[in-house]
Amino acid sequence: MVKSEIQNVKLRFGIIGNCEGLNRAIDVAMQVAPTDLSVLVTGESGVGKESFPQIIHQFSRRKHGPYIAVNCGAIPEGTIDSELFGHEKGAFTGAISDRNGYFAEANGGTIFLDEVGELPLSTQARLLRVLETGEYIKVGSSKVQKTDVRIVAATNVDFSEAIADGRFREDLYYRLNTVPIKVPALRERPDDIPLLFRKFAADFAEKYRMPAIQLTDDARRLLVSYTWPGNIRQLKNITEQISIIETNRDITADILQGYLPAQPVSKYPTLLGGLKPEGEKGFQSEREILYQVLFDMRRDVTELKKLVHDIMAERAGGAPMTPASTTPVHYIPETPVSLMQTPSVVLNPVTEVGKVSNVTSVGNVSPVTSGVKVTSADVSDVQDTEEYVEENLSLDEVEKEMIRKALERHHGKRKNAANDLKISERTLYRKIKEYGLE
């Protein structure tokens, strides 16, 4: 498509920039618009993905039909089926009348599903049927409905990871991704950053009736070198802040630096150059780091149990200690006196990590929740000891146990449990169904 046509589209839809990736995205949107193929728009949050469904709709044969934009991430999981496909009277509590969903209202037009990666699996199955056959069933009904809708979806989710985790259907992904459009991040468009800043500064000067702010050369270089994790949305917000707050309309690098958050860095520990030793696990989320810490703590507790077992066995039978007892154990403070020379061994509390619950009570050896004390007296009365074997739990098992305990602490109140676990109530609801904790 010729550049003049792309430039006209930019002017019509308020798109600023001359980046090759941006021009390519607009070109693909205009070429696919006359067809009825489904389109998936991908890109980071704040890059302006919402403009492309409008381009596709306005240049299609459906331009005189309805255009409905739906934010899938903003609709609660319990009501999203009703919102999209409608419901019959009495289908659930509060359904006092029949209601058409967005797919019925958008019949003959285009529906834009923003944040489609947040759809629950049950709704994904319904959406797949609409894409394949154009049919759907209202909630609480058995009658098949037909709709003629063009679907354009957008997401900032990494679908390869979501599919691998079982959070998104692979068949639905390929149905939505018939024609992919990738919107470049702002850091990939360095030449467009000053243009966008100048446009936003002019808009806010007109809005607030004040002179427009201008960048010095050093400030312009700083603006272009920043990574902009929030993309165009972040740039617009910072431009508005500076326009309102600064009385000096010539913005230097020092002034601009005060409005730019610190450059984002990786949250996960890595070696210099991003290399990891062979076999070392790469962390993909903070939760995985937490799980790894818990596993390490559990291993330390297991080693502590083995140490107690070996000390008791050695004192009772005079047998040499096993190699397992020589393993370094964490959480035991250094002491100038060796364990074998002192008449008693006191191990510091470890109950924050796990309970030393398998040590049998023997004479003056009393397992307690705050620690374990082993004395030299009455060690011959040892009745029973166990060989402690480390238990390996999967991430799913640990996650299930954490959710179960959170629900018990809050007496089944999911909202409180979700706040405790630092996850959304919607995610907690899905995990409860997945692990059968209902």
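Use the structure listed above.
Residues numbered from 1 in each chain as written. Predicted model: local features only at pLDDT ≥ 70, side-chain atom pairs only at ≥ 80, totals over all residues. Heavy atoms only, no water.

(A) How the structure looks around the overall build of the protein. From N to C terminus, the protein includes 16 helices and 12 strands. In the protein, which comprises 438 residues, the proportion classed as buried is 39%. Once local pairs closer than 6 in sequence are excluded, the contacts in the protein between residues at least 24 apart make up 69%. When the accessible surface of the protein is split by element, carbon and sulfur atoms take 50% of a total near 24,700 Å². (Helix = DSSP H or I, 4+ residues; strand = E, 2+ residues; numbered from the N terminus. Buried < 20%, exposed > 50% of the residue type's maximum accessible area, 1.4 Å probe, protein only. Contact = heavy atoms within 4.5 Å. Areas by Shrake-Rupley, 256 points an atom, 1.4 Å probe, with all protein chains shown as cover.)

(B) Quick look at the environment of Val70. Following the sequence through the fold, Val70 ends up in strand β2 (residues 67-71). Residue classification places Val70 among the buried residues on the basis of a relative accessible area of 5%. In this structure the C-alpha to C-alpha distance between Val70 and Ile111, which are 41 residues apart in sequence, comes to 7.4 Å.

(C) How the structure looks around the packing of aromatic side chains. Taken as a whole, this structure holds eight aromatic pairs when the rule is applied. A centroid spacing of 4.5 Å and a plane angle of 55° characterise the contact between Phe159 and Phe168, whose relative ring orientation is tilted. Each member of the pair, Phe159 together with Phe168, is buried. A ring pair is formed by Tyr226 and Trp228, whose centres lie 4.9 Å apart and whose planes are at 85°; its orientation type is edge-to-face. Taking the relative accessible area as the measure of exposure, Tyr226 reaches 3% and is therefore buried. (Phe/Tyr/Trp six-rings, centres within 6.5 Å; stacked < 30°, edge-to-face > 60°.)

(D) Local environment of the packing of helix α2 (residues 20-32) against helix α3 (residues 51-58). At a minimum axis distance of 8 Å, the contact between α2 and α3 shows a crossing angle of 35°. For the crossing formed where α2 meets α3, the hand is right-handed. Of the residues in α3, those touching α2 at Leu22, Ala25, Ile26, Ala29, Met30 and Val32 are Phe52, Ile55 and Ile56. When the residues that make up the contact of α2 with α3 are grouped by side-chain class, the tally is nine nonpolar, no polar and no charged. (Axes fitted to C-alpha atoms, helices over the stretch in contact; angles between N-to-C directions. Left-handed = near helix turned anticlockwise from the far one by under 90°. Nonpolar A, V, L, I, M, F, W, Y, C, P; charged D, E, K, R; others polar.)

(E) Here's a closer look at α2. The end-to-end C-alpha distance of α2, which contains 13 residues, comes to 18 Å, matching closely the 18 Å that a straight helix rising 1.5 Å per residue would cover. The complete set of buried residues in α2 reads Leu22, Asn23, Ala25, Ile26, Asp27, Val28, Ala29, Met30 and Val32. Buried-residue contacts for α2 involve α1 (3-13), β1 (39-42), α3, β6 (150-155) and β7 (179-182). (Expected span 1.5 Å × (residues − 1).)

(F) Just the pattern of salt bridges, in detail. The tally for this structure, following the rule as stated, stands at 21 salt bridges. We note a salt bridge from Glu83 to Arg99, for which the minimum N-O separation is 3.3 Å. Placement of the pair is Glu83 in helix α4 (residues 80-85) and Arg99 in the loop between α4 and α5 (102-105), with a sequence separation of 16 residues. Judged by relative accessible area, which is 21%, Glu83 ranks as partly exposed. Note that Glu135 is salt-bridged to Arg129, the shortest N-O span being 3.3 Å. Overall, the relative accessible area of 22% leaves Glu135 in the partly exposed class. Connected via shared salt-bridge partners are Asp36, Arg61, Arg62 and Asp148. (Salt bridge = Lys/Arg side-chain N within 4 Å of Asp/Glu carboxyl O.)

(G) Structural context of unusual backbone geometry. For Glu115, which is not glycine, the phi dihedral falls at a positive 55°. The topology assignment puts Glu115 in the loop between β3 (110-114) and α6 (121-133).

(H) View of the sheet that holds β6. With parallel pairing, the five strands of this open sheet are ordered in space as β2-β3-β6-β1-β7. With one partner strand each, in any of the chains shown, β2 and β7 form the two edges of the open sheet. Each adjacent strand pair in this sheet contributes to an overall mean axis angle of 20°, direction not counted. Bridge analysis of β2 against β3 gives five bridges, and the strand direction is parallel. Across the sheet, the residue bridging to Ala69 is Phe112, located in β3. (Pairing = 2+ DSSP bridges.)

(I) Representation of the nonpolar core in the model. Counting residues in each nonpolar core, the largest one holds 29 residues, and the members touching the most others are Phe103, Leu113, Val116, Leu127 and Ile151. Among the elements of the structure, β2, α4, β3, α6, β6, α7 (159-164) and α8 (170-176) are those that each provide at least two residues to this core. One finds Met30, Ala154, Val179 and Ile181 within the second-largest nonpolar core, a separate group that totals 25 residues. (Core = buried A, V, L, I, M, F, W, Y, C linked by side-chain atoms within 4.5 Å.)

(J) Expanded view of the side chain of Glu77. As for its placement among the helices and strands, Glu77 is situated in the loop between β2 and α4. Summary of buried charges: Glu77 has no salt-bridge partner, and the nearest side chain of opposite charge, Arg426, is 4.3 Å away. With residues near it in sequence (within four places) discarded, Glu77 still touches Pro120, Arg426, Tyr429 and Arg430. (Lys, Arg positive; Asp, Glu negative; His and termini not counted.)

(K) A look at the environment of Asn71. Within the fold, Asn71 resides in strand β2. For Asn71, a relative accessible area of 32% corresponds to the partly exposed category. Asn71 sits 41 residues away from Phe112 along the chain, and the two C-alpha atoms are 8.3 Å apart. Not counting residues within four places of it along the chain, the set of residues in contact with Asn71 comprises Asp114 and Glu115. A distance of 3.1 Å separates the side chain of Asn71 from the backbone nitrogen of Gly73, its partner in a polar contact. (Polar contact = N/O pair within 3.5 Å; in protein donor to acceptor, adjacent residues only side chain to side chain.)

(L) Structural detail: the pairing of β7. Every second residue of β7 is oriented toward a common face, the buried set being Val179 and Ile181 and the non-buried set Pro180 and Lys182. Where β1 and β7 come together, four bridges link them in parallel fashion. By the bridge assignment for β7, Thr42 is matched with Lys182.

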